[in-house]
Amino acid sequence: MEKIEYRDAKISEVVEISKLFECMWNEIRPNIKLSQDAIDKVIIEYMSSILKDSFYLKVAIKDNKMIGFLAGSIYFNERLNKFVGYCSEVFMSKEFRSMNMGSHMIEDLKNWFKGNGVNQAMFDVPSHHLTRWLRRNGYTHYTSSLSLDLVSDEENKKGDEL
């Protein structure tokens, strides 16, 4: 059995990463289909960002198969008046989640942030993982983003009027 390799993503791997992104989306938002146009935009975003010093994109490989990825970046947060690290996506295929690879990926990202002079990081966390993240040392609940399917919302309002 081969060890898991964790390394910088290559431009040539962005399409494969987008397939993992789609798997992640389908787990988190099974009721909202991700369109091919949205997947194409993820590919374009990653391809245009991968060579930037402020963008972090790593992949986990096992037995020559991509099993996970992590995307992060550094940006200036005007409200906080400082540069902040931002983890937008972290995903591991289900069969490899018990191996703590995701935690290792996150630690590597945090070290990258620190190495770039960043002293605060924000993480997008799916709601079903929030409690687990808050149990980790040092994480606090900063803000919540709520999602509303506006098409379904209109249908729900019609039902409320009956």
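To be clear, the structure that these remarks concern was listed above.
Attention in this report is confined to the structure presented alongside it. Model, not experiment: these values are computed from the prediction.

Procedures and definitions
- Residue numbers restart at each chain and count upward from 1, following the sequence in its written direction.
- Reporting in this predicted model follows two pLDDT cut-offs: at least 70 for local features of residues, and 80 or more for side-chain atom pairs to be given and counted; totals over whole chains, interfaces and linings ignore these cut-offs and use all residues.
- Working from all heavy atoms in the structure, the side-chain values ignore hydrogens and water.
- Only protein chains enter the accessibility calculation, which uses a 1.4 Å probe; a residue is then buried when its area is under 20% of its type maximum, exposed when over 50%, and partly exposed in between.
- Runs of E in the DSSP output that reach at least two residues are strands. Runs of H or I that reach at least four are helices, and both are numbered from the N terminus.
- A pair of strands counts as paired when DSSP detects no fewer than two bridges linking them.
- In this scheme, a helix's expected span is set at 1.5 Å multiplied by one less than its residue total.
- This arc describes the spread of directions from the helix axis toward the C-beta atoms.
- Here is the rule: rings of Phe, Tyr and Trp (six-membered ring for Trp) pair when centre to centre is within 6.5 Å. Planes less than 30 degrees apart are stacked, more than 60 are edge-to-face, and the remainder are tilted.

1. Description of the pairing of strand β2 (residues 55–62)
At step 1: Along β2, eight of the eight residues are buried, which leaves the element largely enclosed by surrounding structure.
At step 2: Bridge analysis of strand β1 (residues 5–8) against β2 gives four bridges, and the strand direction is antiparallel. When the bridges of β2 are listed, Arg7 appears paired with Val59.
At step 3: Pairing of β2 with strand β3 (residues 65–77) involves eight bridges; the strand directions are antiparallel. Residue pairing in the sheet places Lys62 in a bridge with Lys65 of β3.
At step 4: What sits between the antiparallel neighbours β2 and β3 is a turn of two residues, in which Asp63 has the positive phi angle 50°.

2. Thoughts on helix α2 (residues 36–49)
At step 1: A rise of 1.5 Å per residue sets the reference length of α2, with its 14 residues, at 20 Å; its end C-alpha atoms lie 20 Å apart and thus fit the reference within 8%.
At step 2: Residues Ile39, Val42, Ile43, Tyr46 and Ser49 constitute the buried set of α2. Relative to the axis of α2, the buried residues are bounded by an arc of 150° and lie together on one face. Away from the buried face of α2 by more than 90 degrees, exposed residues Lys41 and Ile44 are located.

3. Some words on the packing of aromatic side chains
At step 1: All told, the structure shown has six aromatic pairs when counted by the stated rule.
At step 2: When the centroid spacing of 5.1 Å and the interplanar angle of 45° are considered together, the rings of Tyr56 and Trp112 count as tilted. Of this pair, Tyr56 sits in strand β2 while Trp112 is found in helix α3 (residues 101–115), placing the two residues 56 residues apart along the sequence.
At step 3: Seen in terms of ring centroids, Phe76 and Phe83 are 5.2 Å apart; in terms of plane orientation they differ by 75°. Their pairing is edge-to-face.
At step 4: Judged by relative accessible area, which is 39%, Phe76 ranks as partly exposed.
At step 5: Joined through ring pairs, the aromatic side chains of Tyr46, Phe55 and Phe69 make up one cluster.

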